[in-house]
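# A closer look at the structure
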Amino acid sequence: MIFLNKHRKHKSKKPNLKKILTDNHTRKWYYDACALEGEKVYDEMYTNTKFKIYPLVSHLSFGEAYGNVLDKGKKQISDFNRLISTVKEHCGLKVVGNDGIKSIYNKIQEINSRLSLTDSIHLATAIKNKCEIFKTRDGDLTNLSYVCKNKFAKFAKSKGCTNFNIQKV
Amino acid sequence: MITKKSISKLNINELKGINDSYIKRYAKKLSKTSFKANNYRSKKISPILDIEIAVQNCKRVGLFKK
């Protein structure tokens, strides 16, 4: 009996999304407002859940994306709401606040003063929440020089994010 | 993106459970049977298809940038 129990195959458990939303040690990818307006992102989010990588969105990026949709019409608003709720249900999308990033924000501005206020806030929020990848479509961030990206990666590493990288969607 | 190939990989019961004309058309082709709308509303939808449909709906109303 003991022998049988030892060699019994363990069934693969489904990831507990409620637990993930409260856990700070999971792998996370940050999506800014521009990234949320691309259709490829959502497939990626679902695929990543198989590798235990979960999408993270801040209040600012979600608010920006929602604000852009508001101008378009009622149908667009309901479709966007449905999309976000579906992604939250199946991919464990987490929405975090933008508070407590002042020191990180100042350091980012020190590294690159040309970055806009919102871009710096997005970056600071991603670093604060220890995200691995920063996904964006914004040219200001994707076209940063190699030296600058390297400086951001080093700074992120000092804050506890390993392999921090800015990637184009 | 929903393609013929990705739809054909799915279970026919999953396809029937979706209230989307585009998918219904392919489901009909695959099963070669006609089915009523009320019968497949209660069926379970797979997560990837649920996301795909939401994305397709957003694309149709012009939410996404190219």
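This one's a predicted model, so the numbers in the text were calculated from it and none came from an experiment.

Let us look at the overall build of chain B. Helix and strand counts for chain B stand at four helices and zero strands. Reading the secondary structure of chain B in the N-to-C direction produces α-α-α-α. Counting all 66 residues of chain B, 20% fall into the buried class. When contacts within chain B are restricted to residue pairs at least 6 apart in sequence, those whose partners lie at least 24 apart make up 47%.

Turning next to the interface of chain B and chain A. Counting from both sides, the interface comprises 13 residues of chain B and, opposite them, 15 residues of chain A. The residue inventory of the side of chain B that touches chain A, partitioned by class, reads nine nonpolar, one polar and three charged.

What follows concerns the pairing of strand E1 (residues 27–31) of chain A. All names here are of chain A. Counting buried positions along E1 yields four of five residues, so the element is predominantly enclosed. Two elements, E1 and strand E4 (residues 133–136), share three bridges in a ladder whose sense is parallel. Bridged to tyrosine 31 within E4 is lysine 135.

It is worth spelling out the sheet that holds E1(A) at this point. Residues and elements named next belong to chain A. Within the open sheet, the five strands sit side by side as E3-E2-E1-E4-E5. Their pairing is parallel. If you trace the sheet from one side to the other, it starts and ends with strand E3 (94–96) and strand E5 (165–168), each paired once. Averaged over neighbouring strand pairs, the angle between their axes works out to 30° when direction is ignored.

Right, let's get into the confidence of the model for chain A. Of the residues in chain A, 85% have a pLDDT of 70 or more, and the chain-wide mean is 85. Throughout residues 1–6 of chain A the model reports pLDDT below 50, and contacts reaching past four residues in sequence, or to other chains, amount to zero contacts.

Before going further, it helps to examine the nonpolar core. A:Val87 and A:Ile127 are the most contacted members of the largest nonpolar core, which totals 45 residues. The contact partners of A:Ile127, leaving out residues within four places of it in the chain, are A:Ile104, A:Ala156, A:Lys159, A:Cys161 and A:Phe164.

Here the focus is the packing of helix H7 (residues 102–111) of chain A against helix H8 (residues 117–128) of chain A. Residue and element names in this part refer to chain A. Contact pair H7 / H8: the axes reach a minimum separation of 9 Å and the direction vectors enclose 125°. Of the possible angle classes, the one that applies to H7 and H8 is oblique. The handedness of the crossing between H7 and H8 comes out as right-handed. Here Ile104, Tyr105, Ile108 and Gln109 of H7 lie close against H8, whose contacting residues are Ser120, Ile121, Leu123, Ala124, Ile127 and Lys128. Here the residues of the contact of H7 with H8 are counted per class, giving seven nonpolar, two polar and one charged.

Once that is clear, we can look at unusual backbone geometry. All names here are of chain A. Despite not being glycine, lysine 52 has its phi angle at roughly 60°, a positive value. Of note, lysine 52 is situated in the loop between helix H4 (40–50) and strand E2 (53–58). One non-glycine residue with positive phi stands out, namely asparagine 163, at about 55°.

The subject of this paragraph is the pairing of E4(A). Of the pairings in the sheet, the one linking E4(A) to E5(A) comprises four bridges and is parallel in character. Residue pairing in the sheet places A:Phe134 in a bridge with A:Ile166 of E5(A).

On to the confidence of the model for chain B, then. Residues and elements named next belong to chain B. Per-residue confidence for chain B gives a mean pLDDT of 62; residues scoring 70 or more make up 30%. Taking the mean pLDDT of every element in chain B, the minimum, 54, falls on helix H1 (residues 4–9) and the maximum, 82, on helix H4 (residues 47–60). Residue range residues 32–42 is modelled with pLDDT below 50. Its contacts to residues more than four positions away, or to other chains, number seven contacts. Model confidence for the complex is summarised by a pTM of 0.73, with the ipTM given as 0.75.

Calculation rules
Residues numbered from 1 in each chain as written. Chains lettered and ligands numbered in written order. Predicted model: local features only at pLDDT ≥ 70, side-chain atom pairs only at ≥ 80, totals over all residues. Helix = DSSP H or I, 4+ residues; strand = E, 2+ residues; numbered from the N terminus. Buried ≥ 20, exposed ≤ 12 C-beta atoms within 10 Å, placed from the backbone. Contact = placed C-beta atoms within 7 Å. Nonpolar A, V, L, I, M, F, W, Y, C, P; charged D, E, K, R; others polar. Pairing = 2+ DSSP bridges. Axes fitted to C-alpha atoms, helices over the stretch in contact; angles between N-to-C directions. pLDDT = per-residue confidence, 0-100. Core = buried A, V, L, I, M, F, W, Y, C linked by C-beta atoms within 7 Å. Parallel < 35°, antiparallel > 145°, perpendicular 65-115°, else oblique. Left-handed = near helix turned anticlockwise from the far one by under 90°.

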